[in-house]
Amino acid sequence: NIEFKLKFVEKLFESSVAGWPEEQKIAMRFQIDSGDSISPVARAFPGGSYRIIFPVKMVFELENIIFGKNVQNHEHGSRKTRIVLIALILCLYHELLHCLRGHLDEDLSSRKSEETDADFMAGGALWGCINNQSSLLAQYGFGDVQQTAYEMGYASTVLCVLFQKYHSEDDGYHLPHQRLLTLKAGY
């Protein structure tokens, strides 16, 4: 279950950067993290290269929240599977947008506004994904913008629950209600 979801995110990453200029496309990489991290992250490296790092543990935790004890028994095109995939899409686009919008400068004074910006833009990018990646998404039962909006509400709520579990509210930007509304507003 986890492997196919991570492969889905990697395929979406590759198709999202496919139309970029070659120099930018080469600078952007996707990586799986099998450690204890729960949050995806974007990293900048010397020479202008970037890496989006996606944790296996996050997918495991999302599945536990959504499927509970039935995590082994689900279909690729089910509503619950799409909710996990939408949560992963939002995370992928959130991190990708940090790179694209120059948020990786480690300026802590602007961190909350950068997180809000990335959340809003990730919601908008999901809308664009539904409209522009239909061949990739159709095999997972994705429908139109309205159906995805409904499922996106669940997915963003689950993300907020997950991050609330692992991040305290006083760490600056993991304010679940604000993030939920910002993701939805972007969509």
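Residues numbered from 1 in each chain as written. Predicted model: local features only at pLDDT ≥ 70, side-chain atom pairs only at ≥ 80, totals over all residues. Heavy atoms only, no water.

## Here's the deal with the sheet that holds strand 1 (residues 28-33)
Here is the rule: DSSP bridges decide pairing: two strands pair if at least two such bridges lie between them. For helices the rule is a DSSP run of H or I covering at least 4 residues; for strands it is a run of E covering at least 2, with both sets numbered from the N terminus onward. Here, axes are lines fitted to C-alpha atoms. For helices the fit covers the stretch in contact, and angles between N-to-C directions go from 0 to 180 degrees. Contacts are residue-level and defined by heavy atoms, with any inter-residue pair within 4.5 Å sufficient.
Spatial ordering of the open sheet is given by 1-3-2, a layout of three strands whose pairing is mixed. Every interior strand has two partners, whereas the edge strands, strand 1 and strand 2 (41-45), have only one. Averaged over all neighbouring strand pairs, the angle between strand axes comes to 25°, with direction disregarded. Across six bridges, strand 1 lies against strand 3 (residues 49-55) in parallel orientation. Counted as the bridge partner of Phe-30 is Ile-52 from strand 3. In this fold helix 3 (residues 56-67) packs onto strand 1 and strand 3, with an angle of close to 35° to the strand it touches most, strand 3. Sheet strands touched by helix 4 (residues 79-100): strand 1, strand 2 and strand 3. Its angle to strand 3, the strand with the most contacts, is close to 155°.

## A look at the pattern of salt bridges
Threshold: The salt bridge definition used is simple: a Lys or Arg side-chain nitrogen within 4 Å of an Asp or Glu carboxyl oxygen. The buried label applies to any residue whose accessible area, calculated with a 1.4 Å probe on protein chains only, is under 20% of its type's maximum; exposed applies above 50%, and partly exposed to all values in between.
With the rule as written, the count across this model stands at five salt bridges. Of the charged contacts, one joins Glu-63 and Lys-5 as a salt bridge, the two residues approaching to 2.4 Å between their closest N and O atoms. Pair noted here: Glu-63 is in helix 3 and Lys-5 is in helix 1 (residues 2-17), with a separation of 58 residues, a long-range link. Residue Glu-63 shares its accessibility class with Lys-5, and that shared class is buried.

## Thoughts on the packing of helix 4 against helix 5 (residues 111-132)
Where we set the bar: When an angle is under 35 degrees it counts as roughly parallel; over 145 it counts as roughly antiparallel; between 65 and 115 it counts as roughly perpendicular; any other value is oblique. Note: crossing handedness is left-handed where the near helix turns anticlockwise from the far helix by less than a right angle, and right-handed where it turns clockwise. Note on residue categories: nonpolar means Ala, Val, Leu, Ile, Met, Phe, Trp, Tyr, Cys or Pro, charged means Asp, Glu, Lys or Arg, and polar means any other residue, Gly included.
Between helix 4 and helix 5, the least distance of the axes is 8 Å, while the angle of their chain directions is 125°. In this view, helix 4 runs oblique relative to helix 5, as classed from their interaxial angle. You can see that helix 4 and helix 5 cross each other, and the crossing is right-handed. Only Glu-114, Glu-115, Ala-118, Asp-119, Met-121, Ala-122, Gly-123, Ala-125, Leu-126 and Cys-129 of helix 5 make contact with helix 4, whose side of the interface consists of Ile-86, Ile-89, Leu-90, Tyr-93, His-94, Leu-97 and His-98. The residue makeup of the contact of helix 4 with helix 5, split by class, is 11 nonpolar, three polar and three charged.

## A look at helix 4
Let me state the cut-off plainly: Any helix carries an expected span of 1.5 Å times its number of residues minus one.
Taking 1.5 Å of rise per residue, 22 residues should cover 32 Å, and helix 4 covers 31 Å from first to last C-alpha, within 8% of that figure. With 19 of 22 residues buried, helix 4 is to be regarded as a mostly interior element. In the stretch just after helix 4, Gly-102 is the one whose phi turns positive, near 75°.

## Section: the confidence of the model for the protein
Interpreting fine coordinate detail is not advised for predicted regions of low pLDDT. As a reminder, the rule being used: pLDDT is defined as a per-residue confidence score from the predictor, taking values between 0 and 100.
Summing up the model confidence of the protein, the mean pLDDT is 85 and the portion of residues at 70 or higher is 89%. Confidence scores differ between elements of the protein, with helix 8 (residues 176-186) showing the lowest mean pLDDT of 82 and strand 1 the highest of 94.

## Observations regarding the packing of helix 1 against helix 3
Look at helix 1 against helix 3: their axes get within 10 Å of each other, and the N-to-C directions meet at 120°. Taken as axis vectors, helix 1 and helix 3 run oblique relative to one another. The element helix 1 and its partner helix 3 pack so that their crossing is right-handed. Facing Ile-2, Lys-5 and Leu-6 of helix 1, the residues of helix 3 in contact are Val-56, Val-59, Phe-60 and Glu-63. Class assignment of the residues belonging to the contact of helix 1 with helix 3 gives a composition of five nonpolar, no polar and two charged.

## Observations regarding the packing of aromatic side chains
Rule in force here: By convention, a stacked pair of Phe, Tyr or Trp rings (six-membered ring in the case of Trp) has centres within 6.5 Å and planes under 30 degrees apart, an edge-to-face pair has planes over 60 apart, and any other such pair is tilted. Criterion for a charge above a ring: Lys NZ or Arg CZ within 6 Å of the ring centre, and within 35 degrees of the ring normal.
This structure, assessed with the given rule, holds five aromatic pairs. Judged by centre distance (6.0 Å) and plane angle (10°), the rings of Phe-4 and Tyr-140 are stacked. Of this pair, Phe-4 sits in helix 1 while Tyr-140 sits in the loop between helix 6 (134-138) and helix 7 (145-166), and the two are 136 residues apart along the sequence. Residue classification places Phe-4 among the buried positions, given a relative accessible area of 15%. Tyr-140 gets classed as buried once you look at its relative accessible area, which sits at 5%. Ring centres 4.9 Å apart and planes at 75° place the aromatic pair Phe-8 and Tyr-140 in the edge-to-face group. Taken together, the residues span a long stretch of sequence, with Phe-8 in helix 1 and Tyr-140 in the loop between helix 6 and helix 7 at a distance of 132 residues. Each residue in the set Phe-4, Phe-8 and Tyr-140 is aromatic and connected to the rest through ring pairs, giving one cluster. When the ring centre of Tyr-154 is taken as origin, the NZ or CZ atom of Arg-79, which lies over that ring, is 5.6 Å away.

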